[in-house]
Amino acid sequence: MWWAFLVLSHAIQALTPSDNSISLLTYNACEKPLVCKSAIQCSIWYNELQALPPKPCFNSEGYVGLCCPDVAHIKPTALKETGVEELLPPVQSLSPILLELAARAARSDLNYLTIIEEILGRNDMVMHENSMARTHSISLAPFETTRSQSQKALLVVSATRRLQEKLALSPERAGFALQAIDTRLSFLDDTCPLLPTCLRQKYRSFDGTCNNLRRPSWGSALTSLDRLAPPEYDDGIWDPKIRKSSKELPNVRLVRTTVVTDDNHPAVDMTHMLMQWGQFVDHDMVQVPVFQTANQSNIECCTPEGGILSPELRHPHCFPIDIPANDPFYGPRGIRCLNFVRSMITPRTECRMGYADQMNQLTHFIDASHVYGPSPVIAANLRQFVGGLLKTSVIEGRQYPLQDFQGKNCVGPTRDTGCFVAGDTRVNQIMTLTSLHIIFLRQHNYIATALSVINPHWSDEILYQETRRIIGALMQHITYNEFLPAILGRQTMEIYGLTPQSTGYSSSYDENVNPSITNEFAAAAFRMGHSLIQGSINLVEEDGKVRVELMRNWFNNPHLLRQSGQLDAVLRGMIDQWPQNMDEWVSEDLTNHLFQRPKRDFGLDLISINLWRGRDHGLPGYNTYRQVCGLPPVTSFQDLLTIMDRSVVNRLASVYRSVDDIDLYIGGLVEHHLPGSMLGPVFSCIIAEQFARSKEGDRFFYEHGGQPYSFTPAQLQEIRKISLAAIICDNADNIVKVQPLVFRHPSPTNPRVNCKSPIIPRMNLAAWTG
Ligand code: HEM
Ligand SMILES: [Ca+2]
């Protein structure tokens, strides 16, 4: 074992009180194969280090660090693109007349949809302004450009359904065999997305196009999610999955109330900031919008009294969640329906007919699109076009994101003072998330200003783009260096080639790896973060006094952050408070009170929504993904006893008919964790595979060398010094002490230190002198 080499001398506690004053004369060498690294550079080994008395040392630059192993690398294993042709059944010879008929019928289906929308609109079947469903729809609203893309996919789906009817194909064959038909050959040629022409630009495009020079649309905004396993739509094409082996699946709310309860099981080694980073990076990676009507109204599927709208009054994209009459929470309140609108779909880049795929309206890459915006138009609105800076609003001398005084997307006092505007529309969802948007905005302006001093000759454009490139790299570095090791554990990191290097370039860019977000990641596995959320948010004042706020009172209401000292209180709270563990216990603030409106005592249920979203996307069940992940499938509930707690298995068995019916989300949520990880094997596999493709498939990934515009080795070393701790120290209003690894709870290995301490290194931007 590597740690057998550790020679234990000083305890780190001895260092912390006077950490600024340690003389370099007390330099400690590390015994090989250990090397002296700052805590942030040893984040990946945190679990092992914590089990041992720490050995402080000074690295060559004078930073106080820990003796840490030099990380070895294992070959990455992201799935390679096999090429559509290899997957397709032999091309069928369909007559051009049949194809034309199907295409024309599809166009009339779409016209029919417009007529239905008109009639529903005229009859006032629209969503109430002040409803919890409205708050939900804010999180999932399409951009203006999104709709036309989705209309194209609706045409392809309709034409596929018409062909299915005509040819009397089974659902199994319809979704797959019809992929053999290229829409460009079939009077649907206008549904095929145009490919951009690419130049070798130094900077990422805003919409992610031209990252892959051979496949310019890979990973770009408005393209489809990829799949690890083929969908199981009810009709094989796009109808939601409502049964398995001809038997109806259990009601999702019943699954949620039977299996998921609210109980306090905190992860005491971690902090709530871990949860919050998860959501922050998620909002860089994926947003699947839901349908709105042609005039951009939100779709309502429930009656004002809480029942399900009758089918003739319901929009065709409604997929309302049915609440059992005897539901312990909603039952007594007379609520029998939770609003749910289907996810938008988009044509696949290969322009094939066949089953539907959902759309990601963001760039799939981790590129800080949530800071800058996922399109040139959105990005331009957020820029000052002076000095490389982003626009801000200044409140009592402090920088905040822009405010939208017209929009009515917030509740509480924020409704009158204006919601914040950032590169992602979910910025106001919960103030802990908003606080990260604020400090990343400030970090951008801080770096742009520093670069303008170093390089007075740089134009606004160069200052902006160079800073944007650094911020994108920081997002990636914090995610791979601090966040993923805490979630996945070191072993999974290494198996999937996710471990950041300590020096040099990575050579893992592979133009055959599709960087797209997978449907399994977005609609199930990464929603594991919902289990980490604390229903109460701690706010810690400068003097250590703690105030507690219930999350249910703060959805889309970030006004508190405008008040002096409150941004710091939220940030201090997050690096102090534990998160909940990833398991079947989830806070009631999310499972009964999500987006609760003022003066109400109920909201939505995020876990039911997650399960329903999986069925909306046609995701196969948990057992399928055991096989996708190389694990043996289970054949009975008995088999699950080695994988989950007995009480959970009993509860699953009481709602699901067969183990094959278990939804991916609930199965992944309740698995026993892998050693050193917060996740079980199936979620680990889906999440690690995603981050492998997000690395290997991203030409601009910060560690990649060999690209015409890779960071220089010196710049890369500076980026490697950065931690979320440093970003908090530099951009909060007045936070003076943090632990170096903010996702980990303070401990002797990770003690709170002064922000100015050399234990928390900073980038030296002189490496960008140009
Ligand atoms: C207070 C915290 C959070 C709230 C209120 C929240 C709420 C939501 C809501 C309402 C949705 C849309 C559900 C749907 O209609 O399908 C969603 C989606 C999602 N959430 Fe969260 N979430 C939170 C934290 C997190 C965290 C910590 C993570 C991950 C670590 C996460 C990952 C995701 C993912 C991956 C999606 C799917 C995104 C998409 O495909 O568009 N969330 N969340
Ligand atoms: Ca992105």
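Sequence positions are assigned chain by chain, starting from 1 and proceeding in written order. Both sets of labels track the order of writing: A upward for chains, 1 upward for ligands. Side-chain atom pairs in this predicted model are given and counted only at pLDDT of 80 or more, local residue features only at pLDDT of at least 70, and totals for whole chains, interfaces and linings cover all residues. As a rule here, side-chain values cover all heavy atoms of the structure and leave hydrogens and water aside.

Going by the annotation in an unreviewed UniProt entry, the name recorded for the chain is Chorion peroxidase, with Daphnia sinensis given as the source organism.

A. Local environment of the coordination of the calcium ion (ligand 2). Donors, by definition, are the N, O and S atoms found within 2.8 Å of a metal, the threshold being 3.2 Å for Na, K and Ca, and water is not counted, so a site can look incomplete. The protein atoms that coordinate the calcium ion (ligand 2) are Asp-284 (O), Asp-284 (OD), Thr-363 (O), Thr-363 (OG1), Phe-365 (O), Asp-367 (OD) and Ser-369 (OG), at distances spanning 2.2 to 2.6 Å. Counting along the primary sequence, the residues that act as donors to the calcium ion (ligand 2) give the motif D-x78-T-x1-F-x1-D-x1-S. Taken together, the positions of Asp-284 in helix H8 (residues 272-285) and Thr-363 in the loop between strand E9 (359-360) and helix H9 (369-372) put the pair 79 residues apart, joining distant regions of the chain. The cut-offs for exposure are 20% and 50% of the maximum accessible area for each residue type, with area from a 1.4 Å probe on protein chains only; residues under the lower value are buried, those over the upper are exposed, and the others partly exposed. Classification of Asp-284 by relative accessible area gives buried; the value is 0%. Secondary structure elements are defined from DSSP: runs of H or I of at least 4 residues count as helices, runs of E of at least 2 residues count as strands, and each element is numbered from the N terminus.

B. Molecular detail of the nonpolar core. Counting residues in each nonpolar core, the largest one holds 167 residues, and the members touching the most others are Trp-277, Phe-440, Leu-640, Leu-652 and Ile-728. Counting 35 residues, the second largest nonpolar core, distinct from the first, contains Leu-140, Ile-181, Phe-291 and Met-353. To form a nonpolar core, buried Ala, Val, Leu, Ile, Met, Phe, Trp, Tyr and Cys residues must be joined to one another through side-chain atoms within 4.5 Å.

C. Looking closely at the state of the cysteines. Disulfides are defined as cysteine sulfur pairs within 2.5 Å. Applying the stated rule across the entire model yields 7 disulfides. Between the sulfur atoms of Cys-302 and its disulfide partner Cys-337 the distance amounts to 2.0 Å. When the S-S torsion is -75 degrees, as for the bridge of Cys-302 with Cys-337, the disulfide is left-handed. With a gap of 35 residues between them, Cys-302 in the loop between H8 and strand E7 (321-322) and Cys-337 in strand E8 (residues 337-338) connect regions that are remote in the sequence. When sorted by exposure, Cys-302 lands in the same class as Cys-337, which is buried. The disulfide that involves Cys-410 links it to Cys-419, with 2.0 Å between the sulfurs. What sets the handedness of the Cys-410 and Cys-419 disulfide is the S-S torsion sign, and at about 140 degrees it is right-handed. Residue Cys-410 is classed as buried on the basis of its relative accessible area of 1%.

D. Region of the structure containing the coordination of the iron atom of ligand 1. Just one protein atom coordinates the iron atom of ligand 1, and that atom is His-530 (NE2), at 2.1 Å. Secondary-structure assignment places His-530 in the loop between helix H15 (519-523) and strand E14 (536-540).

E. Just the pairing of E14, in detail. In terms of burial, E14 is a largely internal element, 4 of the 5 residues being buried. Two strands make a pair as long as DSSP finds a minimum of two bridges between them. Both E14 and strand E15 (residues 546-550) contribute to a ladder of 5 bridges, which runs antiparallel. In the strand pairing of E15, Ile-537 is matched with Glu-549. From the end of E14 to the start of E15, which pair antiparallel, there are 5 residues, and Gly-544 there has a positive phi angle of about 90 degrees.

F. Expanded view of the site of ligand 1. For each residue, the test is whether any non-hydrogen atom lies within 4 Å of the molecule or strand; if one does, the residue is near. Taken together, 25 residues lie near ligand 1, and His-136, Asp-282, Val-288, His-530 and Arg-613 sit nearest. What qualifies as a polar contact is a pair of N or O atoms within 3.5 Å, subject to a donor-acceptor requirement within protein and to the restriction that residues adjacent in sequence count only when both atoms come from side chains. Contact distances for ligand 1 include 2.7 Å between an oxygen atom and a side-chain N or O atom of His-136. Here an oxygen atom of ligand 1 and a side-chain polar atom of Arg-527 are 2.9 Å apart. Residue assignment for the shell around ligand 1 shows that the elements contributing at least two residues are H8 and helix H18 (606-616). With 4 residues, the single largest contributor to the shell around ligand 1 is H8. When residues are sorted by character, Ala, Val, Leu, Ile, Met, Phe, Trp, Tyr, Cys and Pro go into the nonpolar class, Asp, Glu, Lys and Arg into the charged class, and all the rest, Gly among them, into the polar class. Class assignment for the residues of the shell around ligand 1 results in 15 nonpolar, 7 polar and 3 charged.

G. Region of interest: the sheet that holds strand E2 (residues 56-58). Sheet architecture is open: 3 strands sit in the order E1-E3-E2, paired in antiparallel fashion. Edge positions in the sheet fall to strand E1 (34-37) and E2, since each has one partner strand and no second. Between one strand and the next, the sheet's axes are offset by a mean angle of 50 degrees, whatever the strand orientation. Pairing geometry for E1 and strand E3 (residues 64-69), over 4 bridges, is antiparallel. To obtain an axis, a line is fitted to C-alpha atoms, over the contacting stretch when the element is a helix, and the angle between two such axes runs from 0 to 180 degrees between their N-to-C directions.

H. Looking closely at the packing of helix H12 (residues 431-454) against helix H13 (residues 460-488). The interhelical angle for the contact between H12 and H13, taken along N-to-C directions, is 130 degrees, at an axis separation of 9 Å. Relative to H13, the element H12 is oriented oblique. Judged by the sense of rotation from one axis to the other, the crossing of H12 with H13 is right-handed. Contacts between H12 and H13 involve Phe-440, Gln-443, His-444, Ile-447, Ala-448, Leu-451 and Ser-452 on the former and, on the latter, Leu-463, Tyr-464, Glu-466, Thr-467, Arg-468, Ile-470, Ile-471, Leu-474, Met-475 and Ile-478. Of the residues belonging to the contact of H12 with H13, the class tally is 11 nonpolar, 4 polar and 2 charged. Working definition: roughly parallel below 35 degrees, roughly antiparallel above 145 degrees, roughly perpendicular at 65 to 115 degrees, and oblique for all remaining angles. By the definition used in this description, the sense in which the near helix is turned from the far one sets the handedness, with an anticlockwise turn below a right angle giving left-handed and a clockwise turn giving right-handed. The contact criterion used is simple: two residues touch if any of their non-hydrogen atoms lie within 4.5 Å.

I. View of helix H22 (residues 681-696). By this rule the span expected of a helix is its residue count minus one, scaled by 1.5 Å. Its 16 residues place the ends of H22 22 Å apart at the C-alpha level, agreeing with the 22 Å of an ideal helix rising 1.5 Å per residue. Most of H22 is tucked away, with 15 of its 16 residues classed as buried.

J. How the structure looks around a nonpolar patch on the surface. On the surface, Tyr-112, Ile-115 and Ile-119 cluster together to form a nonpolar patch covering roughly 300 Å² of accessible area. By secondary structure assignment, the location of Tyr-112 is in helix H3 (residues 96-122). Candidate patch residues must exceed 30% relative accessible area and have no salt bridge, after which like charges are joined if within 9 Å and Val, Leu, Ile, Met, Phe, Trp or Tyr side chains if within 5 Å. Shrake-Rupley sampling with a 1.4 Å probe provides the accessible areas, and residues are treated as covered by the protein chains on show and by no other component. Each salt bridge in this description consists of a side-chain nitrogen of Lys or Arg and a carboxyl oxygen of Asp or Glu lying within 4 Å of one another.

K. Here's a closer look at the pattern of salt bridges. A full pass over the atoms with the stated rule returns 40 salt bridges. Of the charged contacts, one joins Asp-357 and Arg-227 as a salt bridge, the two residues approaching to 2.7 Å between their closest N and O atoms. Of the two residues, Asp-357 sits in the loop between E8 and E9 while Arg-227 sits in the loop between strand E4 (223-224) and strand E5 (243-244), which places them 130 residues apart along the sequence. Arg-227 matches Asp-357 in its accessibility class, with the two residues each being buried. Taking the shortest distance from any N to any O, the salt bridge between Lys-545 and Asp-543 comes out at 4.0 Å.

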